[in-house]
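Remarks on the overall topology
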Amino acid sequence: MRIARDLHDVVAHHLALANLQATAVGRFVRNRPDEAERLLAELSSPAHSPSPR
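Now for a look at the structure at hand. (Residues numbered from 1 in each chain as written. Predicted model: local features only at pLDDT ≥ 70, side-chain atom pairs only at ≥ 80, totals over all residues. Heavy atoms only, no water.)

Regarding helix H1 (residues 2-28)
An α-helix turns once per 3.6 residues; consequently, residues spaced three or four apart project the same way. Rule in force here: Here a helix means four or more residues in a row that DSSP labels H or I, a strand means two or more in a row labelled E, and each is numbered from the N terminus. Expected helix span is given by 1.5 Å per residue-to-residue step, counting one fewer step than there are residues. Type-normalised accessible area, obtained with a 1.4 Å probe on protein chains alone, sets the label of each residue: buried when under 20%, exposed when over 50%, and partly exposed for intermediate values. In what follows, residue pairs with any heavy atoms lying within 4.5 Å of each other are defined as contacts.
Look at H1: 39 Å from first C-alpha to last across 27 residues, which is about the 39 Å you get at 1.5 Å a residue. Taken residue by residue, H1 has Val10, Gln21, Ala24 and Val25 as its buried positions. Looking at the buried side of H1, the elements it contacts are helix H2 (33-44).

This is the structure in structure tokens:
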């Protein structure tokens, strides 16, 4: 049960971070397109995928 709880915490953290970055992209896209592009690249990178600790 502990493994499931830890996995849930890791996945939830990554989803919350992705949601925050996606919101930032929406706000930056017009005034700061370079920053929006950087955030989109981070969101789509494999390193952003949840991984076991």
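That was the structure; now back to the text.
What about the pattern of salt bridges?
Stated formally: Note on definitions: salt bridges are taken to be side-chain nitrogens of Lys or Arg within 4 Å of carboxyl oxygens of Asp or Glu.
Enumeration over the complete set of coordinates arrives at three salt bridges. Put simply, Arg2 and Asp6 hold a salt bridge, and the shortest N to O gap is 3.9 Å. In this pair, Arg2 and Asp6 are both assigned in helix H1, four residues apart and thus about one turn of the helix distant. Exposure remark for Asp6: the relative accessible area of 34% places this residue in the partly exposed category. In this structure, the salt-bridge partner of Arg38 is Glu42, at a minimum N-O distance of 2.2 Å. Taken as a pair, Arg38 and Glu42 lie in helix H2 at a separation of four residues, close to a single helical turn.

So, the environment of Ala18
Examined against the element boundaries, Ala18 turns out to sit in helix H1. A residue is classified by how much of its surface remains accessible, and Ala18, at 23% relative accessible area, is partly exposed. Residues Ala18 and Leu39, 21 residues apart in the sequence, show an inter-C-alpha distance of 9.5 Å.

Considerations on a nonpolar patch on the surface
Operational definition: Here the term patch refers to residues with relative accessible area over 30% and no salt bridge, with like charges joined within 9 Å and nonpolar side chains (Val, Leu, Ile, Met, Phe, Trp, Tyr) within 5 Å. For the accessible areas, the method is Shrake-Rupley and the probe is 1.4 Å, while residue cover comes only from the protein chains on display.
A cluster of nonpolar side chains, namely Leu7, Val11 and Leu15, defines an oily patch on the protein surface of about 280 Å² accessible area. Structurally, the position occupied by Leu7 is in helix H1. On the basis of relative accessibility, which here comes to 54%, the residue Leu7 falls in the exposed class.

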